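Remarks on the overall topology
Spelled out from the first residue to the last, the chains are:
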Amino acid sequence: MPTYLFYPQRADGVSLTFIAESAGEDADALELAGEIAAAHDCASVFVWEPESQNGPDRFVGEVDRPASAPVPVSISAGASVEA
């Protein structure tokens, strides 16, 4: 099971921490990002899969969550990005 890095961001765009969690696949990781956004009361969560033997870090996507929404309202998937 791959490990993903989640970067919760405040409304001002600052990410003060990251969370490493395992998920079965990208869709599961993006769903978990929505849960993290709600649990940490943040505006968005960026999801990355760290560098592996197969290549560079990979941007998986972002979950946006307006302050008033209890669940994520939009998910954007990413593509491979070289660091």
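Definitions and limits used
- Residues numbered from 1 in each chain as written.
- Predicted model: local features only at pLDDT ≥ 70, side-chain atom pairs only at ≥ 80, totals over all residues.
- Heavy atoms only, no water.
- Core = buried A, V, L, I, M, F, W, Y, C linked by side-chain atoms within 4.5 Å.
- Buried < 20%, exposed > 50% of the residue type's maximum accessible area, 1.4 Å probe, protein only.
- Helix = DSSP H or I, 4+ residues; strand = E, 2+ residues; numbered from the N terminus.
- Contact = heavy atoms within 4.5 Å.
- Salt bridge = Lys/Arg side-chain N within 4 Å of Asp/Glu carboxyl O.

Ranked by size, the top nonpolar core spans 15 residues in total, and within it Tyr4, Phe6, Ala29, Ala33, Ile36, Val45 and Val47 carry the most contacts. Where this core is concerned, the elements lending two or more residues are strand 1 (3-9), helix 1 (26-39), strand 3 (44-49) and strand 4 (58-64). The leading source of residues in this core is helix 1, at 6 residues. Look past the residues within four positions of valine 45 in its chain and what remains in contact with it is Phe6, Tyr7, Pro8, Ala33, Ile36, Ala37, Gly61, Glu62 and Val63.

With that settled, the discussion passes to the pattern of salt bridges. Applying the stated rule across the entire model yields 4 salt bridges. Across the salt bridge formed by arginine 58 and aspartate 26, the nearest N and O atoms sit 2.8 Å from each other. Linking arginine 58 in strand 4 with aspartate 26 in helix 1, this pair joins segments that are 32 residues apart in sequence. The salt bridge partner of arginine 58 is glutamate 49, with a shortest N-O separation of 2.7 Å.

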